[in-house]
Number of protein chains: 2
Amino acid sequence: MSKFYRVAILGATGAVGTELLELLEHRNFPIADLKLLASERSAGRTLKFKGENLLVEPVSDRAFENVDLVLASAGGSTSKTWTAVATQKGAVVIDNSSAFRMNPEVPLVVPEVNPLAAANHQGIIANPNCTTILMTVAVWPLHKVKPVQRIVVSTYQSASGAGAKAMAEVKTQTNAILQGQPPVAEVLPYPLAFNLFPHNSPLNDLGYCEEEMKMVNETRKIFGTQKIRITATCVRVPVLRAHSEAINLEFESPFSSDEARKILNHSPGVKLVENWENNHFPMPIEATGKDEVLVGRIRQDISHPCGLELWLCGDQIRKGAALNAVQIAELLVEKNLLKVNKAYVSS
Amino acid sequence: MSKFYRVAILGATGAVGTELLELLEHRNFPIADLKLLASERSAGRTLKFKGENLLVEPVSDRAFENVDLVLASAGGSTSKTWTAVATQKGAVVIDNSSAFRMNPEVPLVVPEVNPLAAANHQGIIANPNCTTILMTVAVWPLHKVKPVQRIVVSTYQSASGAGAKAMAEVKTQTNAILQGQPPVAEVLPYPLAFNLFPHNSPLNDLGYCEEEMKMVNETRKIFGTQKIRITATCVRVPVLRAHSEAINLEFESPFSSDEARKILNHSPGVKLVENWENNHFPMPIEATGKDEVLVGRIRQDISHPCGLELWLCGDQIRKGAALNAVQIAELLVEKNLLKVNKAYVSS
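About the criteria used
- Residues numbered from 1 in each chain as written.
- Chains lettered and ligands numbered in written order.
- Predicted model: local features only at pLDDT ≥ 70, side-chain atom pairs only at ≥ 80, totals over all residues.
- Heavy atoms only, no water.
- UniProt positions renumbered as here; feature names shortened; annotations may be inferred.
- Pairing = 2+ DSSP bridges.
- Helix = DSSP H or I, 4+ residues; strand = E, 2+ residues; numbered from the N terminus.
- Axes fitted to C-alpha atoms, helices over the stretch in contact; angles between N-to-C directions.
- Contact = heavy atoms within 4.5 Å.
- Domains from an automatic or database assignment.
- Buried area = accessible area lost by both parts, 1.4 Å probe.
- Salt bridge = Lys/Arg side-chain N within 4 Å of Asp/Glu carboxyl O.
- Polar contact = N/O pair within 3.5 Å; in protein donor to acceptor, adjacent residues only side chain to side chain.
- Nonpolar A, V, L, I, M, F, W, Y, C, P; charged D, E, K, R; others polar.
- Least-squares fit on C-alpha atoms with pLDDT ≥ 70 in both.

An unreviewed UniProt entry lists chain A under the name Aspartate-semialdehyde dehydrogenase, from Komarekiella delphini-convector SJRDD-AB1. The UniProt entry for chain A carries the following comment under Sequence similarities (unreviewed entry): "Belongs to the aspartate-semialdehyde dehydrogenase family."

This is how it looks when you write it as structure tokens:
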């Protein structure tokens, strides 16, 4: 018996939206009907799906009628508005914004880490922040064996995290500098070409930016423990679409790098990239377009008897956003957690 | 009574060499005679100094005759060879290579941190590695008040650290990518344009690269204590000439961010860049060409009761290399630690 679902992508024309479309096609998600939704401004365009040109419709109340599953990738406030509409009409929403992530009624899911959490959904499942997804995929397999006590992480985040316009702006800025012209920053707060800056999300009273607090709070929620102490420094770098992270882990007792390597070599969603002879480790250009989080430079921390150092790169748009959302959708299908219209069940 | 010195720059045509020349002019170093030395390949060029065109001479034994001070910026093995010659002929060498840094007979000096160490020189003073200089300038003022127990640092290192050719290569690679061509890596081990990679210096048995071990060992030597535990992750990023560092510090007892801020606001060589309202903190493009290490985002570490987070940017060629060397030279002059030929003493 096969089931097919009526799916809508909200924010279909964005960087994550177009990736969602591509992944649904390539992973052959069981689709009965696909709706592409976007703001008035972006509606009217067409996007290819399985050889067909699909029209992007403007988002509206009616657009969510006869939809089983919504993959939403829009800003937080837009997401809030339309998620309410979609769930009221009976759809399940997998939301990529930060709007619901810390809501205790909403599961926050990384399929490699806490797939069971999805079962408790009440219509909404939140997709974590990109930096959190990448870190949890790499750290969870170790945490399962020996609980992590503390994480000190520094990120190297690509322009894609700020959207398709930011990616284009970095290129324009770079071109300007190479031509001897000053770089113009309109989408990004400062020039990013040949430069970098601390992540510019709003700062809290302690001086941590939102992006950093996402890594702290979301990781704890996904791991199901408030005990892990986490500090983060998030930095935007002139890379196009893969994020990197330098992660320092502290355990209660020593964790050998060999053991960590063995574990990560067989962990879902992780690919070890460690060629010590050629000094070849994860790099953003090699993580781009890949499903896996590339992990390498697993080192015993020489500054702490129970410390471990990790280095990772992961495609921000793919595993950091769209792929994780599609994997959640696949999980819902697999675990029968998605209602389906009888018309779309074939025996 | 004024004293003037016969100075030679070894490696005068390199990125650091040309910066040394500029700094000697702008800081009005008391020069009686200036020799520009380079390899056979680079000799014959002329460089401007105080309006005059100076010929770059090929380095030779004879070139070090009648020289009081050598500012050496060449590779480790070249430095070793010529430092032996220069010191034998009576000159004091301030060496920018890693050749002598960990030699217990050679002082390793950051003038803002351990100026007194210079007094013990026996003809050679080592200039620390760029990342070490920047970190020690920012951390020392705090360490003086309350000893640092542990440092976890992640670096964001510019192309300039790999030399002038690497800087040019990043631009060429970037141009190629913008034109839709593949980037070519000849000087750098991998494409750096729109990419980044772990520092490619040789790895030790524990998986730490040389650059990281320089931060560990040199910092301990400069601070005069083996007690500080340090771990580092060094990363090359597509920035042209300023390095950035995310530094996590652990003290024995709590160190408030306000106190740290007050101290760093009056520390030599440090400039606080902390505009919390506008989310404006140190950036490589604003550190480029500056003497000071820009420090900001001083935060209480939420993951450790005695932790503190810092973010800094500093010009790798300037304070990270040439400026520190010239400051050491100025220190030698000021403390009368440099022999001078009687002919060049004016009353």
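Structure shown, so let's carry the discussion forward.
A separate point is the sheet that holds strand β6 (residues 69-72) of chain B. Backbone hydrogen bonds hold the strands of a sheet together, and the pairing may be parallel or antiparallel. All names here are of chain B. Read across the open sheet, the 7 strands follow the order β4-β5-β3-β2-β6-β7-β8; overall the sheet is mixed. Strands with a single pairing partner mark the edges of an open sheet, and in this sheet they are β4 (46-49) and β8 (124-126). This sheet shows a mean twist of 25° between the axes of neighbouring strands, independent of strand direction. Here helix α8 (residues 318-334) sits on the sheet and contacts β2 (5-10), β6, β7 (92-95) and β8; the angle it forms with β7, its principal contact strand, is near 150°.

Now for the sheet that holds strand β4 (residues 46-49) of chain A. All names here are of chain A. Taken together, 7 strands build an open sheet; the order of strands is β4-β5-β3-β2-β6-β7-β8 and the sheet is mixed. In this open sheet, the two edge strands, each paired with only one partner strand, are β4 and β8 (124-126). Taken pair by pair, the neighbouring strands of this sheet meet at an average axis angle of 25°, ignoring direction. With respect to the sheet, helix α1 (residues 15-26) is in contact with β2 (5-10), β3 (31-38), β4 and β6 (69-72), its orientation differing from that of β4 by roughly 25°. Taken strand by strand, helix α8 (residues 318-334) contacts β2, β6, β7 (92-95) and β8, and its axis lies near 150° from that of β7.

Residues and elements named next belong to chain A. Domains assigned within chain A are domain 1 (2-127 + 322-346) and domain 2 (131-316). For domain 1 and domain 2, the distance between their C-alpha centroids amounts to 26 Å. Each side of the interface is counted separately: domain 1 has 19 residues, and domain 2 has 16 residues. Summed over both partners, the interface of domain 1 with domain 2 buries about 1,400 Å², with 64% contributed by carbon and sulfur atoms. The interface formed by domain 1 and domain 2 contains 3 salt bridges. Across the pair R241 and E19 runs a salt bridge, and its minimum N-O distance is 3.5 Å. Run the count over domain 1 and domain 2 and you get 4 residue pairs in polar contact (both at pLDDT 80 or more).

Moving on to the interface of chain A and chain B. With 62 residues of chain A at the interface, the matching set in chain B holds 61 residues. Summed over both sides, the interface between chain A and chain B buries roughly 5,200 Å², with carbon and sulfur atoms accounting for 62% of that surface. When the buried surface of chain A facing chain B is broken down by residue, F194(A), N279(A) and I302(A) rank first, second and third, together holding 13% of it. There are 8 salt bridges connecting chain A and chain B. For the salt bridge of R150(A) with D301(B), the shortest nitrogen-to-oxygen distance reads 2.7 Å. Along the contact surface separating chain A from chain B lie 39 residue pairs in polar contact (both at pLDDT 80 or more). Residue composition of the side of chain A that touches chain B, by class: 34 nonpolar, 19 polar and 9 charged.

Attention now moves to the relation of the copies chain A and chain B. Once turned by 180° and shifted 0.0 Å along the axis, chain A lies on chain B with an RMSD of 0.0 Å. When the rotation and shift are considered jointly, the pair of chain copies conforms to a two-fold rotation axis. Most of the interface of chain A is mirrored in chain B, where 98% of its interface residues again form contacts.

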